[in-house]
Amino acid sequence: MTATGQPTAPRTDERLLHTSMLRKLLGRPELGSVVGAVAVFLFFAIVADSFLRPSSLGTVLYAASTIGIMAVPVALLMIGGEFDLSAGVMVTSSALISSIFSYQLTANVWTGVFVSLLVTLGFGAFNGFMLTRTKLPSFIITLGTFLMLTGLNLGFTKLLSDTVSTKAIGDMEGFDSARKVFASYLTIGGVELKVTILWWVVLIAVATWILIRTRFGNWIFAVGGQADAARAVGVPVIRTRIGLYLGVAFAAWVSGQHLLFSYDVVQSGEGVGNELIYIIAAVIGGCLITGGYGSAIGSAIGALIFGMTSKGIVYAEWNPDWFKFFLGAMLLLATLLNAWVRKRAEATT
């Protein structure tokens, strides 16, 4: 006899788990920063009448881009489990090298720009090489580089120009074309936007593509999560770390050229302390201090929060002395919110 009955349902592979949209959303590292950005935007939109003007939003985006250009590679470096405390002064070093070489050689300023690119990338390679060879913490390595660059910036500038600032190069050949690349304005919808915003958007797109779509992106997460385990499965840890420091150096070069071609002269003492702002933007954007977690988009949102706060305080006509207080409060709140979101994401898996 043939047994009859209800047809059996096809068996599903238990390895293929359905992930809900809520679970995917909670798993995004930038979720907390998005919530914070919306809250900051609404807050200043209410308390500052001029905050929503198109020109004001352009100013906010410019302030965010000057931080965001550096925050993107710093975020990738933090995902890889490392820090760079020399990033702030490296921006100034890049600008000083361009200006001094152009002026001293009396050559086309593009000569100084390309010399600056090579030397700045050398700084990044030095940080990566010293980190991988000495096995010292990146905090110590880059703190040493920070101090050396601070001294070199001041020492060489005073030696060559007898002052703490560089000589003006605005009348030199190539200055106008270099300014178009690094410090010009774009008019969109009647609003003037600095070209740094375009540089920022391009860096965000490239960094996001690297993290999500490339093997190198997988290496970054692996090295930041557990370097020894990553090395055991064939991940080139040394190459990955050096590549991340070269990325920070390239962004420092871009920021340095913007600094130079915006103001024509550079003060040798600028940049000190900015490295902390880059790290804060990355942390607000969801990067973990311990590495292995974060996103480039999150760092961009962190930089946007920084821009909205710094300019929102001005538009609200508050005392700007309170800015650092709000920055510190945002850092703590964002870190707590990111930790809560991550725990919720882990609890739902």
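None of these values were measured; they are calculated from a predicted model.

Draft legend 1. Representation of the overall build of the chain within the structure. The number of helices and strands found in the chain is 14 helices and two strands. When the 349 residues of the chain are sorted by exposure, 48% land in the buried category. Expressed as a percentage of contacts within the chain between residues at least 6 apart in sequence, the contacts between residues at least 24 apart total 76%. When the accessible surface of the chain is totalled, it reaches about 17900 Å², and 67% of it is carbon and sulfur.

Draft legend 2. Representation of helix α3 (residues 54-79) within the structure. The end-to-end C-alpha distance of α3, which contains 26 residues, comes to 35 Å, matching closely the 38 Å that a straight helix rising 1.5 Å per residue would cover. The largest bend in α3 is about 35°, located at Gly 68. Extensive coverage of α3 is indicated by the burial of 19 of its 26 residues.

Draft legend 3. Looking closely at the pairing of strand β1 (residues 185-188). Where β1 lies against strand β2 (residues 191-194), four bridges are found, and the strand directions are antiparallel. Looking across to β2, one finds that Ile 188 is bridged to Val 191. Following β1, the chain reverses through two residues before pairing antiparallel with β2; Gly 189 in that reversal takes a positive phi of roughly 60°.

Draft legend 4. Region of the structure containing the environment of Val 233. Among the structural elements, Val 233 can be located in the loop between α10 (227-232) and α11 (237-263). Overall, Val 233 belongs to the exposed group, its relative accessible area being 66%. For the pair Val 233 and Ala 222, spaced 11 residues apart in the sequence, the C-alpha separation amounts to 9.9 Å.

Draft legend 5. Quick peek at empty space enclosed by the protein. Using the criterion set out here, one finds two cavities of 30 Å³ or more in the structure. By volume, the largest cavity amounts to about 60 Å³. Around the largest cavity, the lining residues are Ser 99, Ile 100, Tyr 103, Gln 104, Thr 157, Leu 160, Ser 161, Thr 166 and Lys 167. Taken together, the elements giving at least two residues each to the lining of the largest cavity come down to α4 (87-105) and α6 (138-161). The leading source of residues in the lining of the largest cavity is α4, at four residues.

Parameters at a glance
Residues numbered from 1 in each chain as written. Predicted model: local features only at pLDDT ≥ 70, side-chain atom pairs only at ≥ 80, totals over all residues. Heavy atoms only, no water. Helix = DSSP H or I, 4+ residues; strand = E, 2+ residues; numbered from the N terminus. Buried < 20%, exposed > 50% of the residue type's maximum accessible area, 1.4 Å probe, protein only. Contact = heavy atoms within 4.5 Å. Areas by Shrake-Rupley, 256 points an atom, 1.4 Å probe, with all protein chains shown as cover. Expected span 1.5 Å × (residues − 1). Bend = angle between axes of the 7 residues up to and from the residue. Pairing = 2+ DSSP bridges. 1 Å grid on protein atoms, 1.4 Å probe; cavity = no way out; pocket = protein on both sides within 12 Å on 5 of 7 lines; lining within 4 Å. Points joined across faces, edges and corners; volume = space filled by probe spheres on them.

Function cannot be read off these values alone, since they describe shape.
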